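# Working through the structure, step by step
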Amino acid sequence: MQKNINIKNKRARFDYEILDTFTAGIMLGGTEIKSIRLGKASVSQSFCEFNEKGELFVINMQIDEYSHGGYYNHKPKAERKLLLNKRELKKLRKEVTTSGLTIIPLNLFINDKGLAKVNIGLAKGKKLYDKRETIKDRDNKRDLSRIKKSFNN
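What comes next concerns the included structure. (Residues numbered from 1 in each chain as written. Predicted model: local features only at pLDDT ≥ 70, side-chain atom pairs only at ≥ 80, totals over all residues. Heavy atoms only, no water.)

## Section: the overall build of the chain
The condition that has to hold: Secondary structure is summarised from DSSP: a helix means a run of H or I of at least four residues, a strand means a run of E of at least two, and numbering begins at the N terminus for each. Between buried and exposed lies partly exposed: a residue is buried under 20% and exposed over 50% of the maximum accessible area for its type, with that area taken using a 1.4 Å probe on protein chains only. By definition, residues are in contact when any of their heavy atoms lie within 4.5 Å. Methods summary: accessible areas were calculated by the Shrake-Rupley approach with a probe of 1.4 Å, and residue burial reflects only the protein chains presented. Charge counting follows a simple rule: Lys and Arg are positive, Asp and Glu are negative, and His as well as the terminal groups are ignored. To locate a charge, take NZ of a lysine, CZ of an arginine, CG of an aspartate or CD of a glutamate.
A count of helical and extended segments in the chain gives four helices and nine strands. Ordered by position from N to C terminus, the α and β elements of the chain give β-α-β-α-β-β-β-β-β-α-β-β-α. Seen through its principal axes, the chain has C-alpha atoms that stretch 60 × 45 × 25 Å. The buried share among the 153 residues of the chain stands at 33%. Counting only contacts in the chain whose residues sit at least 6 apart along the sequence, the fraction spanning at least 24 positions is 65%. As presented, the chain carries roughly 10,600 Å² of accessible surface, and 48% of it is formed by carbon and sulfur atoms. Once the 33 positive and 18 negative side-chain charges of the chain are each reduced to a mean point, those two points are 4 Å apart.

Here you go:
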């Protein structure tokens, strides 16, 4: 079993411009936390939505079934409730409804107390030309660091 779990959404910063971030707790069933501790989870295709009661849920998050679980094992792609303050929920709901922004999970981790937490981001989708610009910037940084390294030797 791994000591520190940090499951990242690598596509999030490429597909979206992150405007604000929050750390939220996540309600998990019996064998879900055991699967997360083994690193058997993915947040790459997931997103967050509000239900009619005003609660925030993460949808399409993959937590694989626990290998030693029996009949009472969990569903891999169930909706899971996120735990935030009322003030934070109100702010997020307002931004999503008025500005048309979306909420996406950035990474899933286990804190010092052993609780599963999710960093979520209030995000705005990037256009195709923004993505091309991101790729170009990344390539330029890589080339620049390569040139600096050759001069230092």
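## Observations regarding the pairing of strand S8 (residues 102–110)
How we decide: DSSP bridges decide pairing: two strands pair if at least two such bridges lie between them.
Counting buried positions over the nine residues of S8 gives eight, a clear majority of the element. Direction of pairing for strand S1 (residues 6–8) relative to S8: antiparallel, over a ladder of three bridges. The residue of S8 that forms the bridge with asparagine 6 is phenylalanine 109. Across eight bridges, the pairing between S8 and strand S9 (residues 116–125) is antiparallel.

## Brief notes about the pairing of S9
In terms of strand pairing, strand S2 (residues 16–26) meets S9 through nine bridges, oriented antiparallel. Each residue of the ladder has a partner; that of aspartate 20, found in S9, is leucine 122.

## Re the nonpolar core
Soluble, globular proteins show a tendency: their nonpolar side chains are buried together. Test applied: What is meant by a nonpolar core is a set of buried Ala, Val, Leu, Ile, Met, Phe, Trp, Tyr and Cys residues, joined one to another through side-chain atoms within 4.5 Å.
Counting residues in hydrophobic clusters, the biggest one holds 27 residues, and the most contacted among them are Leu56, Leu82, Leu84, Leu92, Ile103 and Ile120. Mapped by element, the contributors of at least two residues to this core are S2, helix H2 (32–37), strand S4 (47–50), strand S5 (56–59), helix H3 (86–99), S8 and S9. Per element, the largest residue contribution to this core is four residues, and it comes from S9. Discounting residues that sit within four places of it in the chain, isoleucine 120 has contacts with Asp20, Thr21, Phe22, Cys48, Leu56, Leu82, Leu84, Leu92, Ile103, Ile104, Pro105 and Leu106.

## Topic: H3
The cut-off we apply is this: A helix's residues, less one, multiplied by 1.5 Å, set its expected span.
Between the first and last C-alpha of H3 there are 20 Å, a value that for 14 residues agrees with the 20 Å anticipated at 1.5 Å per step. Positioned one or two residues after H3, glycine 100 has a phi angle of 75°, which is positive.

## Things to note about the layout of surface pockets
The cut-off we apply is this: Buried and open spaces are told apart on a 1 Å grid over the protein atoms alone, a cavity being a set of points where a 1.4 Å probe fits but cannot get out and a pocket being an open set with protein on both sides within 12 Å along at least five of seven lines. Residues with an atom within 4 Å of a point are the lining residues. Grid points are joined across faces, edges and corners, and a volume is the space filled by probe spheres set on the points. Note on residue categories: nonpolar means Ala, Val, Leu, Ile, Met, Phe, Trp, Tyr, Cys or Pro, charged means Asp, Glu, Lys or Arg, and polar means any other residue, Gly included.
The volume enclosed by the largest pocket comes to roughly 150 Å³. For the largest pocket, the full set of lining residues is Lys8, Asn9, Lys10, Arg13, Thr21, Leu106, Asn107 and Asn119. Here the lining of the largest pocket is built from residues that sort into one nonpolar, four polar and three charged.

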